[in-house]
Each structure stands twice: as C-alpha cells, then as structure tokens.
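Given next are the chains, with one letter for each unit.
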Amino acid sequence: MIDFSPNTQKVLQWAAEDALKDHAELLVVYPYRLKAQKDSDQKIVLKKQLEQQAYHNFAQLKSSLPVLDLVPHTFSPEVGFETDRLEAHMQKQPISLMVLSSDIAKVGELHNEWDEFMSRMTVPVVLIP
C-alpha cells in the first residue's frame, strides 16, 4: 500500500525487489478518501479527477524505480480507509506479504484502528521506515 508520502519510493523499492526475488506479482494499492458535497455528480467528477492524479503520480514514481519494470504489477487507486482496503484484498486474493510505510501505520494508530486491524491479519506485514 502506498500513500505518495516521501517514504513511498522506499516502500515500492523494497516490495518490488522482494517480489522480483520471489518471482511474485505486486499489487500496489493506493487508498484515498472521497470528500465531496452531497451532489452525486460532484462525487463522480471528483473520483475521476483523484484517480487520474493517482495514475499520474504513480507513473512519475514508477519512472524513478526501474525495478518495477521487471516485476508484474497492478496499480489500484481505491476509495476507502487504509485498513478496510487492505483487509478486503487480504480476504479476496492470495496475498503472501503486505508492505507498508511506517507513516501508514501511524495513521492507523491515530484512528485507533491499527491494533484491531493487526489482530485480524493473516499474512506477515513489513513496515518500511
């Protein structure tokens, strides 16, 4: 999971190198919040804008990480809370390892959801400082 913070490059570098070593695929999840007024048309437009920006940001990040070209990967921007999106992926597909920045873990701690989330984890988690 990434958040485009300064640590994102380190997280992706580590995850890509690990995936390459293990001949694994990489799923890069970018959760974001959709904060708009009540008008559903505004939400649709905002969602498209935020996703376009996420794809643009990922393309820029990817250009600085040549190892990503060697690893099969999928980038998935998704509306939702970090822990909810991770848990959803963990339940619906075979994930062998989750790689997160310590910044994402701190966000979870601030929202008092990290301990509960960790108790439901069924795969190892690597935190990258």
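Cut-off values and rules
Residues numbered from 1 in each chain as written. Predicted model: local features only at pLDDT ≥ 70, side-chain atom pairs only at ≥ 80, totals over all residues. Heavy atoms only, no water. Salt bridge = Lys/Arg side-chain N within 4 Å of Asp/Glu carboxyl O. Helix = DSSP H or I, 4+ residues; strand = E, 2+ residues; numbered from the N terminus. Buried < 20%, exposed > 50% of the residue type's maximum accessible area, 1.4 Å probe, protein only.

Draft legend 1. Structural view of the pattern of salt bridges. Applying the stated rule across the entire model yields three salt bridges. Across the salt bridge formed by Lys 21 and Asp 18, the nearest N and O atoms sit 3.2 Å from each other. Separated by three residues within a single helix, Lys 21 and Asp 18 lie in helix H1 (residues 8-21), roughly one turn from each other. Classification of Lys 21 as exposed rests on a relative accessible area of 58%. Relative accessible area serves as the criterion here: at 16%, Asp 18 is assigned to the buried category. Arg 85 serves as the salt-bridge partner of Glu 78, at 2.7 Å between the closest nitrogen and oxygen. Across the pair, exposure class does not vary: Glu 78 and Arg 85 are buried alike.

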